[in-house]
Amino acid sequence: MFFLLRMAFWLGLVLVLLPREKTPESEKLPQIGAAQAVQAATAAVSDMGQFCKRQPAACEVGGQAATVIGQRAEDGARKLYRIITDKRAPEPTGSIGMAETTDASPADQAPRDTLTPDDLAPGWRAPPGP
């Protein structure tokens, strides 16, 4: 619950601080200094911190509601993930799991250790130095 309040506060602060166009209506609005805005925001945050002391029942119900909403959001995300992954056709990617289910390739069936001693001998050596 407190997370949602904090997020709403910071989002509101960002929206307030975004630059805006000068209009005749904006000139009529009261001018508030940055110090006054910070002081008011600090007072509002400290008041929110005392809310659970003043209204414990509302705070408890709000916490339970936040838990239910979080659980529903998690379930919805799982359902959406399943829908996305079920609709998508499997694509062969050549991953390790795919290699186990397919038949052996001709390269796997080829005999091993087929090099002769002539194949293993170095083809060229530098002449001995002076």
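Rules and cut-offs
Residues numbered from 1 in each chain as written. Predicted model: local features only at pLDDT ≥ 70, side-chain atom pairs only at ≥ 80, totals over all residues. Heavy atoms only, no water. Salt bridge = Lys/Arg side-chain N within 4 Å of Asp/Glu carboxyl O. Helix = DSSP H or I, 4+ residues; strand = E, 2+ residues; numbered from the N terminus. Buried < 20%, exposed > 50% of the residue type's maximum accessible area, 1.4 Å probe, protein only. Phe/Tyr/Trp six-rings, centres within 6.5 Å; stacked < 30°, edge-to-face > 60°.

Help me understand the pattern of salt bridges, please; the structure alone is not making it clear to me.
Two side chains that carry opposite charge are able to pair once their charged atoms sit near each other. Taken as a whole and assessed by the stated rule, the structure comprises three salt bridges. Taking the shortest distance from any N to any O, the salt bridge between Arg-78 and Glu-74 comes out at 2.5 Å. Of this pair, Arg-78 and Glu-74 both sit in helix α5 (residues 56-87), four residues apart, which is roughly one turn of that helix. Relative accessible area serves as the criterion here: at 41%, Arg-78 is assigned to the partly exposed category. Judged by its relative accessible area of 38%, Glu-74 is partly exposed. For Asp-75, the salt bridge goes to Arg-78, with nearest N and O atoms at 3.4 Å.

Looking at this model, I keep getting lost on the packing of aromatic side chains. Mind explaining?
Scanning the entire structure with this criterion turns up one aromatic pair. Ring plane angle 70 degrees and centroid distance 5.1 Å describe the contact between Phe-9 and Trp-10, whose orientation is recorded as edge-to-face.

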